[in-house]
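The residues making up each chain are set out below.
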Amino acid sequence: MATDLELKDGGVADNVVIIGGNACARQIGEKMEARNVPVVYIIRETAAGIQPGANVLEKAGVTDCRGGVGDFTLSVRQNGKRFTQRAGAVVIAENGDLRPDHEAYGLDLSPRVRPLSEIANGDLPDTVRPGESVAVFLHGLARESNPATTRTVMNSALTLARDKDLKTYVLTRNLKVAGNGLEKLYRSAREAGVVFVKFTWTAPEIRCSHQEIQVSFTDEATGVLFTLTPDVAAVDEILAPSPAFKQIQAAFKLRTDSAGFLQADNVHRFPVETNRKGIFAAGPARGLLGEHAWTADAGAAAEALTTVLQGKAPDSAHKAEINRNQCVRCLTCYRVCTYRAVRIDIARPRVIPEACAGCGVCAAECPREAIRFNPYEPSAVSAGIVDARLERSEELFTVAFLCGRSAVPAREQAFRNGWNAPPGLFMIDVPCAGSISVNHLLGAFQAGAGGVLVIGCHPDNCHSENGTLHAKSRIKELQNIFDKIDHPRDRVVSASLAANMDAGFVRIVEEFENRIAGFGAPDK
Amino acid sequence: MKNLAGKRIAVIGAGVAGLSAAKDLARLGVDVTLVEKSDTLGGRAAGYGCKATERCVKCGACMVVEAVREVEASPAVEIRLSSAVRAVKRNGGHLLTIETKNDSGAESAEERFDAVVLATGFSPYDPSEKPYGYKIFPNVVTNLELEAMIRRLDRVARPSDGEAPKQMAFIQCVGSRDGKLGHLWCSQVCCGSALRMARWVISRRPDTEITFFYIDVQTFGKDFELFYQTVRDEIKMIRMLPGDLYPAPADGIKAVFFDPESRKEAEMVFDMVVLSIGITPGRENGGLASMFGVPANGDGFLAENGNGTDGVFAAGAACGPMSIPDAIQNANNIVQNVVQYLEKG
Amino acid sequence: MNDMNTTIDLSALDHDRFKSWPNDQDYCVTCGLCSSDCPASGIDDFDPRKLVRMVGLGMKDEIIETRWSWVCTLCGKCQNVCPMGVQIPSMVRQIRSMRDRDATPGILHKGLETAIQSGNNLGLPREDFIFILEDVAEEIAEEPGFEGFKVPIDKQGAGLLTTIHNKLVNTHTEDLKHWWKIFHAAGEDWTVSSINWEGTNWGYFTGDDERMKIMTERIVEQMDRLEVKNLLWPE
Ligand SMILES: Cc1cc2nc3c(=O)[nH]c(=O)nc-3n(C[C@H](O)[C@H](O)[C@H](O)COP(=O)(O)OP(=O)(O)OC[C@H]3O[C@@H](n4cnc5c(N)ncnc54)[C@H](O)[C@@H]3O)c2cc1C
Ligand code: SF4
Ligand code: SF4
Ligand code: SF4
Ligand code: SF4
Ligand code: SF4
Ligand code: SF4
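Residues numbered from 1 in each chain as written. Chains lettered and ligands numbered in written order. Predicted model: local features only at pLDDT ≥ 70, side-chain atom pairs only at ≥ 80, totals over all residues. Heavy atoms only, no water.

A. Region of interest: the interface of chain A and chain B. Each partner contributes to the interface: chain A provides 72 residues, whereas chain B provides 61 residues. For the pair chain A and chain B, the summed buried surface comes to about 5600 Å²; carbon and sulfur atoms form 48% of the total. Our enumeration of links across chain A and chain B arrives at 10 salt bridges. Its salt-bridge partner being Lys222(B), residue Asp257(A) comes within 2.8 Å of it at the nearest N-O pair. Those elements that provide at least two residues to the side of chain A that touches chain B are helix H4 (182-191), helix H6 (291-309), helix H10 (407-416) and helix H13 (502-519) of chain A. (Contact = heavy atoms within 4.5 Å. Buried area = accessible area lost by both parts, 1.4 Å probe. Salt bridge = Lys/Arg side-chain N within 4 Å of Asp/Glu carboxyl O. Helix = DSSP H or I, 4+ residues; strand = E, 2+ residues; numbered from the N terminus.)

If you want it as structure tokens, here you go:
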């Protein structure tokens, strides 16, 4: 099948591999197929629900993924067989696990105590009698809930109260109405007779025996002590990464969030990016709940896939390159590359240009200085600093290394606001603070700098994840050297910023200049 | 991709939604004209500060700068600042009369587009009618004004004397969750905005005492549970909205409220009170809806898919309360729909 | 409800009991604005949010039993600030009307009975009333600028009829002077009726709609009798 996409130059695979077979995965597949892009689904279970005729590898999993955008090679295992599958781009929309949270309430699941989704599907115990029985939703009591779950709770409670004529209670802490239409749903549920009880400084006591569940609590608004003996209790389910997530994470070498979902909690990945170019995470794979959110994510993923397959996603201007003669195969570069752009070919590391985001971290970390990262080679940068020193007559000369994603835009805005840079300050724009090596720093001091400032992104906001941390550890390294030679360690300073902190940028530079002025010009 | 080269799209509004739509369409090779009423790019969120404390708290505000920079650098996006659409004609495509203000007045031109994306955003609620003395007491400010302080000054200053407040209060849900105003919705972003700002203030000045008056705290961000725990240690959380605010000595503000735990009337004096005003439909939504033939819902927000079949789409907070990440996701999804529409045509 | 320690089976309450009341108690989101703004909050454990909640839950016995509905002054501040438009004063009046008439607080009940019989809550005879008014008028006339001041009782065809709160002829005669001086200064053509002059309407106050109507109609009758077009009813 020929695709309608005009492939990126050099791209060899024009297809999309989708990991997962849920509604989110299917919507992405349908959108791509409508564009005549070949789609391959790789699904852990069976292909139920996928449109007939689709190319599906069922009961299959990916164990490894090599290459870059337009040319990924996936190792697939299916029924004990192993084979490879090419992919132009990959999207992971694997399901998480919905786990009932009954243990948090000290309850066991039973015909009376049911996971929320079962109640939402109308699955009630036989003992429930319309017009008589009592239903209780235990919602967001053990941990904070979220609007998607609250939507399910309110819809189900409304149905029970209105259609089944049950006495229906929702016990919660903060009611999460931050979703479209939820405040109205909240009102409709109350009008239908659902009673909401909200807890702040108290919590309900839940006791359970063979015969009954008893919930007792103080209604905080009235101070009245109430009890409820529900015929059915629905407990929240929480979305957790499924066991398959670990395997996918390892196969694709993805960065996860703190819970283990397949997208780092970093705003630069919004909405569907991962740390690997051409590999996306959508819907439940990145921790999103609810069909509504999945639909928007599916659209965003289809959009991203289309862009990337055509090679139209923005690319970095500079790429790292390994000098094989200098390399001692320590594999530091392989470990530090967030974007997984270093590939090991027969025990030799190589940078895949399509995957390289040009952060320069590997070059700064390589113990052998075996990685060229033009034009940010320490020698070239140091030469620039020497020239800058010669151009300046100020007694105090200072150097600032500025991350191109945060400090540079902040400085540009500061200029537009009318800021004047201190005349003795020389600023060097770098793609990522992590690209600054000890050699860069030493070069600045050797050129006569009285102080050096390094500004990177805030932790968790760094596009290359650890750039600022790398920079900080190199500064520590240098400070240890300074301590040994009795040079003031605070002549080198690190700071973090976001791109919208023009005022913060001005403050940081001022504080830095004042501090260095306090030390005076360095000895020649 | 099918014949997208040479297609022309007008994106109306250059907030984060419009910028995201423009940059995504431009990446796909579509010619985009970005029509923005004001004289800057970025919309409301361009005025928000960074609330990172020891680490980024994912407010998303810096993403706006990133989007502005990509759009400014993109040759496929033509930016029209100080411009607005005055008339629309349907004639095969969409014939828009775009008026641009300049030093000598304004000039308009008629231009043809294959599709239109309305990303005109929201209007913040005006709290003057609430009993909180807004614009009467100098140190009662809105959350938007506090955001702007963080952005422009990199610190918080009382309007009356420029000093850092020691006792601050946030009052939530001002103009949201308000059936009387016809605002039967939660604005979705103000709990997050307020709590992030509160923690930022404390991180800068640990001796600041902050009180937070609220109905329900809304979840935001992936690590909300952890964040919320810290918040409850650092901030006095009172689940009750104060009734009236009164002037107190030294330009202070006295809040009178019913203390829910002791069940007694209580009062507290603050140096500064922040009103968490919410998101309401853009003032021009009605006019835009009729000019472009896009349905608006009962609340006054535009229908998300615009009138889809006719090539007019809507995205971002023009369609309802939405955070920055949501607006980006929404714009991405809308671009997908626009592309499908163009592929058909 | 003073004993809050008894435990109630919540599901045994009829939450629909007051659904027919048009006070929108179901719209309450427990924001607490009403309780924060209410001048009576905290008195006798009362606060309007609690009352709204109890009505919403259908706690009939409890709300009738407590004094809360009588603590409320019906000032309407709560309703004014309530973002959901819950009509609390009207709810309070409905609660009051549910009490047996004999169980309404003594003074209100007695006052209303007296008013129905005598035309005012104090049971003050017509002659005594006229005497008090003329006495107050004489005191005013002694003040500079008010020489010759007279109180125009039962003046046919006056421009304005004013009612009088019983406490103004009882304990607060000073307040009468303020009103009258204003009328005088404004050159108002005013009058006051010698019968059925009572301005408070404890029928309204106790939620007794029938008696409220009687009291109101009596005032209108006086307007007709004296052929006055405008009414000032300051309560
Ligand atoms: C107090 C407050 C705090 C917030 N804090 C956060 C936060 O911390 N994190 C977060 O994620 N979200 C936050 N938000 C939400 C955030 O502001 C929105 O998500 C975001 O601004 C939506 O972007 P938008 O592009 O849809 O609309 P807008 O930002 O409103 O942009 C709309 C643009 O369209 C232009 N425009 C309007 N009408 C026309 C017209 N007729 N012709 C041409 N141009 C027009 C406007 O000038 C504007 O530039 C906050 C909101 C508020 C009110
Ligand atoms: S870090 Fe340097 S020496 Fe080590 S493997 Fe990479 S290129 Fe070779
Ligand atoms: S420059 Fe950055 S992205 Fe490129 S290979 Fe090195 S570490 Fe990886
Ligand atoms: S997302 Fe917000 S908190 Fe994080 S760095 Fe950007 S502006 Fe700062
Ligand atoms: S986000 Fe919070 S403050 Fe804003 S309307 Fe919702 S509940 Fe109120
Ligand atoms: S009407 Fe009653 S409940 Fe409402 S504010 Fe006045 S005193 Fe309080
Ligand atoms: S102000 Fe209205 S919504 Fe808020 S607690 Fe009172 S009655 Fe309920």
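B. Focus on the sheet that holds strand E18 (residues 312-314) of chain B. All names here are of chain B. Taking strand neighbours across the sheet as the criterion, the five strands line up as E3-E2-E1-E7-E18 in an open arrangement whose pairing is parallel. Every interior strand has two partners, whereas the edge strands, strand E3 (77-80) and E18, have only one. Here the average twist between neighbouring strands, direction ignored, is 20°. (Pairing = 2+ DSSP bridges. Axes fitted to C-alpha atoms, helices over the stretch in contact; angles between N-to-C directions.)

C. Looking closely at the site of ligand 6. Every residue lining ligand 6 is accounted for by Cys38(C), Pro39(C), Phe46(C), Pro48(C), Cys72(C), Thr73(C), Leu74(C), Cys75(C), Gly76(C), Lys77(C), Cys78(C) and Pro89(C). For the shell around ligand 6, the class distribution of residues is nine nonpolar, two polar and one charged. (Near = heavy atom within 4 Å. Nonpolar A, V, L, I, M, F, W, Y, C, P; charged D, E, K, R; others polar.)

D. Up close: the interface of chain C and chain A. The partner chain A presents 23 residues to the 25 residues of chain C that form the contact. Carbon and sulfur atoms make up 56% of the surface buried where chain C meets chain A, a total of about 2100 Å² over both sides. Three residues stand out in chain C for area buried against chain A, namely Leu10(C), Tyr27(C) and Arg53(C), and they jointly supply 27% of the buried area on that side. Inspection of the region where chain C meets chain A yields one salt bridge. Our count for the contact surface shared by chain C and chain A stands at 13 residue pairs in polar contact (both at pLDDT 80 or more). (Polar contact = N/O pair within 3.5 Å; in protein donor to acceptor, adjacent residues only side chain to side chain.)

E. Quick look at the pattern of salt bridges. Residues and elements named next belong to chain A. One pass over the full model with this rule turns up 64 salt bridges over all chains. In this structure, aspartate 97 engages arginine 99 in a salt bridge whose closest nitrogen and oxygen atoms are separated by 3.9 Å. Overall, aspartate 97 belongs to the partly exposed group, its relative accessible area being 27%. Using a relative accessible area of 40% as the deciding quantity, one classes arginine 99 as partly exposed. (Buried < 20%, exposed > 50% of the residue type's maximum accessible area, 1.4 Å probe, protein only.)

F. Inspection of the packing of aromatic side chains at higher detail. The final tally for this structure, using the stated rule, is 22 aromatic pairs over all chains. Ring centres of Phe213(B) and Phe257(B) lie 5.1 Å apart, and the angle between their planes is 65°; on these two criteria the pair is classed as edge-to-face. Here Phe213(B) is found in strand E11 (residues 209-213), whereas its partner Phe257(B) is found in strand E14 (residues 252-259), with 44 residues between them in sequence. Its relative accessible area of 3% is what places Phe257(B) among the buried residues. Joined through ring pairs, the aromatic side chains of Phe149(C), Trp179(C), Trp180(C), Phe183(C) and Trp190(C) make up one cluster. Lying across the ring of Tyr27(C), Arg187(A) places its NZ or CZ 3.4 Å from the centre. One residue, Arg190(A), lies across the ring of Tyr186(A), its end atom 3.7 Å from the ring centre. (Phe/Tyr/Trp six-rings, centres within 6.5 Å; stacked < 30°, edge-to-face > 60°. Lys NZ or Arg CZ within 6 Å of the ring centre and 35° of its normal.)

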